[in-house]
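# Architecture at a glance
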Amino acid sequence: MAESSGFDPQLALSHKFPETTYTYTERDSVLYALGVGACARDAVDDDELKYVYHANGEQSLQVLPTFAALFSLASLPNGFNLPGLEYDQRLLLHGQQYIELYRPFPSSGCIHNKVSLAGLHDKGKAAIIEFETKSYEKESGELLCMNRTTVFLRGAGGFSKSSQPYSYSNYQTDKASSAVKIPKTHPFAVFEDPTQPSQALLYRLSGDYNPLHSDPMVAKIAGFSRPILHGLCTLGFAVRAIIKCICKGDPNLIKSITGRFLLHVYPGETLITEMWLDDLRVIYQAKVKERNQIVLSGYVDVHRLTSSL
C-alpha cells in the first residue's frame, strides 16, 4: 500500500515533469498506420492508401488521428512514476485514453511535449493516476493535440490522510468520461476487421516494447495464454472503422477520441466495431468475434457529418 511508503499526494501535485521532444519521420507514420491495420485486407483501399503511399501525386501522406497516442507514450520515458509512489509494474493497467485534436498532423515532424498530473484518486487497494500530455509542433509552437492517459495501479492505494478517499482532477470529469451508455438500438454501422497473428509484433515497432505483447513467458506470468495486443492498437482499429464508416475516409473530421479498455485481445482475433450516432458524437464498442466479448468502448466526437449521412 502507498501509505506505508509515505506517499504525499500534495507533493505529487507539485511535481514538475521534464519536457520531452519526439521526432518522427514519414516512415514512422506509415509504420503506425500498418500497425493498426490500414490496408491489411486491401492493399489499394481507396480510404486508406493515403496513410501509406503518395497516391495521386500528393506531396505528403495523411496521418491517422490516433497517432497522437504515440506522443503521450514518448512524453513519459520513465514510466508512470510519481515521487514516493511505489507499485509493482506488473500490476499496472492502462484504463482509458482521451485525445483532443486541434489540427492535422504533418507526416513528419518534431514534437515538444509538456506533461502534467491531471488526476489522482485513492481507491483503497489501488490508485488511479491521470497524466495529461500537450503536444506542440516544435518549430511553430502550435498546439497539435492533448492526450489524457489513465492508469490503474493495483496495490498503490491507501494514501488518503482522512476517512474521505483522496480524489483530485484538474478538468471537468463529466465532459471527458468514457463511461458511455451503449444504446440498445441496432447500430448505425458495423465494421468487421481481422487482426493479424503478428499484429502486436508490428505495432510494437511504433515504440511500445512492453514484453507482455511479444514474450510468451511474460504473458503467461501475467495470466494470459499468449502475448496480447496493445490496447492502443485496438483503439486504432476502432477509430479506423469510424473514419471509414462515419467520416467516409476523412480523418480530419475527428475532433476528440475517448476509449476505455475493458478486456484483452489476442493477435489474430477479429474485431467488430459497432457504432451509434448521437448528433456529432459516435458512440462505439468493439468486441472480439471469436469470444463474443466487449474489449473497448467509448465515443468519438466529429466536427461535422458527411453529406451522405
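Just so you know, these numbers come straight off a predicted model, no measurement behind them.

## Observations concerning the nonpolar core
Within the largest apolar cluster, 52 residues are counted, with the highest numbers of intra-cluster contacts made by Phe67, Phe105, Met275 and Val300. Broken down by element, this core gets its largest block of residues, ten residues, from helix α7 (residues 231-245). With residues near it in sequence (within four places) discarded, Val300 still touches Val239, Ile242, Ile254, Ser256, Ile257, Leu280, Arg281, Val282 and Tyr284.

## Overview of empty space enclosed by the protein
Under the definition given, this model contains two cavities of 30 Å³ or more. The computed volume of the largest cavity comes to approximately 40 Å³. Looking at the largest cavity, the residues that line it are Asp47, Glu48, Tyr51, Leu64, Arg240, Ile243, Lys244 and Gly249. When the residues that make up the lining of the largest cavity are grouped by side-chain class, the tally is three nonpolar, one polar and four charged.

## What about the pairing of strand β9 (residues 270-278)?
Two faces belong to every sheet, and in a regular strand the side chains alternate between them. By the criterion of burial, β9 is predominantly enclosed, with seven of the nine residues buried. Looking at chain direction, strand β7 (residues 189-194) and β9 are connected through six bridges and run antiparallel. Along β9, the bridge assignment pairs Glu192 with Ile272. The sheet contact formed by β9 and strand β10 (residues 281-288) spans eight bridges and is antiparallel. Among the inter-strand pairings, Asp278 is bridged to a residue of β10, identified as Arg281.

## Describing the environment of Gln62
Mapped onto the elements of the fold, Gln62 is located in the loop between α2 (26-35) and α3 (68-74). Exposure remark for Gln62: the relative accessible area of 31% places this residue in the partly exposed category. In the structure, Gln62 is positioned 33 residues away from Ser29 in sequence and 8.6 Å away in space, judged by C-alpha atoms.

## Re the layout of surface pockets
The space that makes up the largest pocket amounts to roughly 1200 Å³. Taken together, 39 residues line the largest pocket, and the ones lying closest to its centre are Leu92, His94, Asn210, Leu212 and His213. Among the elements of the structure, α3, β2 (92-101), β5 (143-154), α6 (216-221), α7 and β11 (293-302) are those that each provide at least two residues to the lining of the largest pocket. Counting residues per element, the lining of the largest pocket draws most heavily on β2, which supplies four residues. Of the residues that constitute the lining of the largest pocket, the class distribution is 23 nonpolar, 13 polar and three charged.

## Concerning the pattern of salt bridges
Applying the stated criterion across every chain, the model contains twelve salt bridges. The closest approach of N and O atoms between Glu142 and Arg103, which form a salt bridge, is 3.1 Å. One end of the pair, Glu142, is in the loop between β4 (126-137) and β5; the other, Arg103, is in the loop between β2 and β3 (109-122), with 39 residues separating them in the sequence. Of the residues examined, Glu142 reaches a relative accessible area of 37% and is grouped as partly exposed. Here the salt bridges share partners, and the residues they tie into one network are Arg41, Glu48, Asp193 and Arg240.

Reading the values: the criteria
The residue numbers shown here count from 1 along each chain, following its written sequence. Given that the model is predicted, a residue must reach a pLDDT of at least 70 before its local features are reported, and side-chain atom pairs must reach 80 or more before they are shown or counted; all residues, however, enter totals for whole chains, interfaces and linings. Processing note: side-chain calculations cover all non-hydrogen atoms of the structure and skip hydrogens and water entirely. Nonpolar core, defined: a set of buried Ala, Val, Leu, Ile, Met, Phe, Trp, Tyr and Cys residues in which side-chain atoms within 4.5 Å join the residues together. Relative accessibility thresholds used throughout: buried, under 20% of the residue-type maximum; exposed, over 50%; partly exposed, between the two (1.4 Å probe, protein chains only). Working definition: helices are DSSP H or I runs of at least four residues, strands are E runs of at least two. Numbering for both runs from the N terminus. In this analysis, two residues are considered to be in contact whenever any of their non-hydrogen atoms come within 4.5 Å of each other. Using protein atoms alone on a 1 Å grid, points that fit a 1.4 Å probe yet trap it form a cavity, whereas open point sets bounded by protein on both sides within 12 Å along at least five of seven lines form a pocket; residues with an atom within 4 Å of a point count as lining. Grid points are joined across faces, edges and corners, and a volume is the space filled by probe spheres set on the points. The nonpolar class holds Ala, Val, Leu, Ile, Met, Phe, Trp, Tyr, Cys and Pro. Asp, Glu, Lys and Arg form the charged class, and all remaining residues, Gly among them, are polar. Note on pairing: DSSP must find at least two bridges between two strands before they are called paired. Put simply, a salt bridge is a Lys or Arg side-chain nitrogen that is within 4 Å of an Asp or Glu carboxyl oxygen.

In short, geometric facts, not functional conclusions.
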